[in-house]
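Summary of structural features
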Amino acid sequence: QVQLVESGGGLVQAGGSLRLSCTASGRTFSSYVMAWFRQAPGKEREFVAAIRWSGDSTYYAESVKGRFTVSRDNAKNTVYLQMINLKPEDTAAYYCAASRPALIPSRGASAYDYWGQGSQVTVSS
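In what follows, the accompanying structure is described. (Residues numbered from 1 in each chain as written. Predicted model: local features only at pLDDT ≥ 70, side-chain atom pairs only at ≥ 80, totals over all residues. Heavy atoms only, no water.)

1. As for the overall build of the protein
The number of helices and strands found in the protein is zero helices and 11 strands. In terms of overall dimensions, the protein has a C-alpha envelope of 40 × 25 × 25 Å along the principal axes. As displayed, the protein has an accessible area near 6,400 Å², and 48% of this comes from carbon and sulfur atoms. Side-chain charges in the protein split into 13 positive and 9 negative, and the spacing between the mean points of these groups amounts to 4 Å. (Helix = DSSP H or I, 4+ residues; strand = E, 2+ residues; numbered from the N terminus. Areas by Shrake-Rupley, 256 points an atom, 1.4 Å probe, with all protein chains shown as cover. Lys, Arg positive; Asp, Glu negative; His and termini not counted. Charge placed at Lys NZ, Arg CZ, Asp CG, Glu CD.)

2. Section: the state of the cysteines
Cysteine pairs can be linked by a disulfide, which is a covalent bond between their two sulfur atoms. What the rule picks out here adds up to one disulfide. Through a disulfide, Cys 22 is tied to Cys 96; the S-S separation comes to 2.0 Å. Where Cys 22 bonds to Cys 96 through sulfur, the torsion about that S-S bond is close to 55°, and the disulfide is right-handed. Remark: Cys 96 occurs in strand E9 (residues 92–99) and Cys 22 occurs in strand E3 (residues 18–24); sequence separation between them is 74 residues. Residue Cys 96 is classed as buried on the basis of its relative accessible area of 0%. (Disulfide = S-S within 2.5 Å. Buried < 20%, exposed > 50% of the residue type's maximum accessible area, 1.4 Å probe, protein only.)

3. A short note on the environment of Ser 21
The residue Ser 21 is located in strand E3 in this model. Residues contacting Ser 21, with those up to four places away along its chain left out, are Val 5, Glu 6, Ser 7, Trp 36, Thr 78, Val 79 and Tyr 80. (Contact = heavy atoms within 4.5 Å.)

4. Quick word on the packing of aromatic side chains
This model, assessed by the stated rule, comprises five aromatic pairs. With centroids separated by 5.8 Å and ring planes inclined at 80°, the aromatic side chains of Phe 37 and Phe 47 adopt a geometry described as edge-to-face. Within this pair, whereas Phe 37 is found in strand E4 (residues 33–39), its partner Phe 47 is found in strand E5 (residues 46–51), the two being separated by 10 residues in sequence. Exposure class is identical for Phe 37 and Phe 47. Each is buried. A centroid spacing of 5.1 Å and a plane angle of 55° characterise the contact between Phe 37 and Trp 115, whose relative ring orientation is tilted. On the criterion of sequence distance, the pair formed by Phe 37 in strand E4 and Trp 115 in strand E10 (residues 114–115) is long-range, its members being 78 residues apart. The exposure class assigned to Trp 115 is partly exposed, which follows from its relative accessible area of 27%. In this structure an aromatic cluster arises from ring pairing among Phe 37, Phe 47, Tyr 112 and Trp 115. The ring of Trp 115 has Arg 45 lying over it, and the distance from NZ or CZ to the ring centre is 4.8 Å. (Phe/Tyr/Trp six-rings, centres within 6.5 Å; stacked < 30°, edge-to-face > 60°. Lys NZ or Arg CZ within 6 Å of the ring centre and 35° of its normal.)

5. Observations regarding unusual backbone geometry
In the Ramachandran plot, Asn 77 falls in the positive-phi region, its phi being about 55° despite a non-glycine side chain. A positive phi is found at Asn 85, a non-glycine position, where the angle reads about 50°. For Asn 85, the position within the fold is in the loop between strand E8 (78–83) and E9. Its relative accessible area of 41% is what places Asn 85 among the partly exposed residues.

6. Remarks on the sheet that holds strand E1 (residues 4–7)
Here we have four strands laid out as an open sheet, ordered E1-E3-E8-E7, and antiparallel in their pairing. At either margin of the open sheet sits one strand with a lone partner, and together these are E1 and strand E7 (68–73). Neighbouring strand axes in the sheet, compared pairwise and without regard to direction, differ in orientation by 15° on average. In this sheet, E8 lies alongside E3 in antiparallel orientation, the contact comprising six bridges. Looking at the pairing, Arg 19 lines up with Gln 82 of E8. (Pairing = 2+ DSSP bridges. Axes fitted to C-alpha atoms, helices over the stretch in contact; angles between N-to-C directions.)

This is the structure:
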């Protein structure tokens with residue numbers, strides 16, 4: 001069993017930056033694929049970024065590539081999402097998620113077994 005607790009959301013002006021953190025419980029955190037998804041009101045949950053257990057492979061949605069960076073610190077059981085140059089269309093609830101090890105992380109929400117409670121990011125224009 002893995003429990004995920006997120007922090008770091010908030011309100012920021014367009015062009016600003018935020019960093020989300022997600023801390024996991026469980027001894028096998030380092031073996032899990034970790035990902036970030038987001039969901040805006042009235043829209044489906046969408047993939048944002050993912051990182052393999054080793055941290056050497058990262059994957060991004062086209063809409064955030066070059067602006068968002070996913071990283072992890074296995075010693076702290078924590079995964080991060082650094083967001084820069086935020087846009088109003090980035091406004092959403094952001095969720096971290098964990099799945100069993102995979103060679104290539106899935107971009108589908110159904111592949112993830114554990115979810116955080118969500119952290120709201122609001123970008124004003």
